[in-house]
Amino acid sequence: MVKKLQRVRSWYGLSGEISVENRLWHLVKVGPVPLPHPPLVNLVLRKGLPHEERLRLSFLHEFGHLQTFPLAFLLAGLLLVSGHRRHRGLRALLKHIVAGAIAHEAVWELSSEAYAIAMAGLEYRRIYRRYPNRLGRFFFWGGRATLATFASLWFRHSGKPNSGSLAPPSVV
Ligand SMILES: [Zn+2]
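Just so we're clear, the structure is a prediction, and the values are computed from it rather than from any experiment.

So, how was this worked out
- Residues numbered from 1 in each chain as written.
- Predicted model: local features only at pLDDT ≥ 70, side-chain atom pairs only at ≥ 80, totals over all residues.
- Helix = DSSP H or I, 4+ residues; strand = E, 2+ residues; numbered from the N terminus.
- Buried ≥ 20, exposed ≤ 12 C-beta atoms within 10 Å, placed from the backbone.
- Contact = placed C-beta atoms within 7 Å.
- Expected span 1.5 Å × (residues − 1).
- Core = buried A, V, L, I, M, F, W, Y, C linked by C-beta atoms within 7 Å.
- pLDDT = per-residue confidence, 0-100.
- Pairing = 2+ DSSP bridges.
- Axes fitted to C-alpha atoms, helices over the stretch in contact; angles between N-to-C directions.

A. View of the overall build of the chain. In terms of regular secondary structure, the chain is built from 6 helices and 4 strands. The helix and strand sequence of the chain, counted from the amino end, reads β-β-β-β-α-α-α-α-α-α. By the burial criterion, 26% of the 172 residues in the chain qualify as buried. Of all intrachain contacts in the chain linking residues separated by at least 6 positions in sequence, the fraction that spans at least 24 positions is 68%.

Written out as structure tokens, the structure reads:
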């Protein structure tokens, strides 16, 4: 049984509270900071699952965000460092930021669900064998992996000094 508001403590010492009771909103509180958000991933991935299983896996996914936060933080730092280049104007800079944010979000979602899989173990496989939800899982894993790949490529491309120009490189 998943309680309304569960106190959790991450492996690196940060504590928080997680509520996945509501179908429309999840709440993750990190210290005193509440982070309410729509459970988009859980809606797609848990479609067709019974109430208890849905809440349990959703809780693990949300906890996964907290547990993998250092990874997300590190990735954001890497993106900032690798993206710290001169841009041709505000538009190029904005494109670069959007690409980085999309790639970051996709990777963090994938790693949070990977955490849920690791923690639920065999139960995860049992649940999805019983309630397959192939389309939802395809959209999540396929969609996020595609987003992560293409946004990373876009991020790299938009960070190049001449990315604003469509002209081919000049041949000497
Ligand atoms: Zn998530």
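The discussion continues.
B. Looking closely at helix α4 (residues 89–120). With 32 residues, α4 extends 47 Å between its outermost C-alpha atoms, agreeing within 8% with the 46 Å of an ideal straight helix rising 1.5 Å per residue. What α4 keeps buried is the set His96, Ala99, Gly100, Ala103, Ala106, Val107, Trp108, Glu109, Ser112, Glu113, Tyr115 and Ala116. Along its buried surface, α4 packs onto α1 (40–45), α2 (51–67), α3 (69–82) and α6 (134–158). Immediately beyond the C-terminal end of α4, within one or two residues, lies Gly121, with a positive phi of roughly 60°.

C. Quick look at the nonpolar core. With 9 residues, the main nonpolar core is built from Ile18, Val20, Leu57, Phe59, Leu60, Phe63, Leu66, Tyr115 and Ala116. When residues of this core are assigned to their parent elements, the largest contribution, 5 residues, is made by α2. The next biggest cluster of nonpolar side chains, apart from the first, holds 7 residues, and it includes Ala99, Ala103, Val107 and Ala151.

D. Structural context of the environment of His37. Mapped onto the fold, His37 is located in strand β4 (residues 33–37). Here the alpha-carbon distance between His37 and His26, two residues 11 residues apart in the chain, equals 5.5 Å.

E. Structural detail: the confidence of the model for the chain. Confidence in the prediction of the chain, expressed as mean pLDDT, is 83, and 84% of residues score 70 or more. Scored below 50 in pLDDT, residues 164–172 shows 3 contacts in the model against residues more than four places distant or in partner chains.

F. Layout of the pairing of strand β2 (residues 15–19). Residues Gly16 and Ile18 point to one face of β2 and are all buried, whereas Ser15, Glu17 and Ser19, pointing to the other face, are not buried. Sheet topology note: the strand β1 (residues 6–9)/β2 ladder contains 4 bridges and is antiparallel. Paired with Gln6 across the two strands is Ile18, which belongs to β2. Between β1 and the antiparallel strand that follows it, β2, lie 5 residues; Gly13 among them carries a positive phi value of about 105°. Sheet analysis places β2 next to strand β3 (residues 26–30), joined by 4 bridges and oriented antiparallel.

G. Structural detail: the environment of Ala76. Along the chain, the position of Ala76 falls in helix α3. For Ala76, a count of 14 C-beta atoms within 10 Å translates into the label partly exposed. A C-alpha to C-alpha distance of 9.7 Å links Ala76 and Glu105, two positions 29 residues apart in sequence.

H. Highlighting the sheet that holds β1. Read from one edge of the open sheet, 4 strands run β1-β2-β3-β4, paired in antiparallel fashion. If you trace the sheet from one side to the other, it starts and ends with β1 and β4, each paired once. The average undirected angle you get between the axes of adjacent strands in this sheet is 20°. Pairing of β3 with β4 involves 5 bridges; the strand directions are antiparallel. Residue pairing across strands places Lys29 opposite Pro34, the latter belonging to β4. Running over the sheet, α2 touches β1, β2 and β3 and is turned about 30° from β3.

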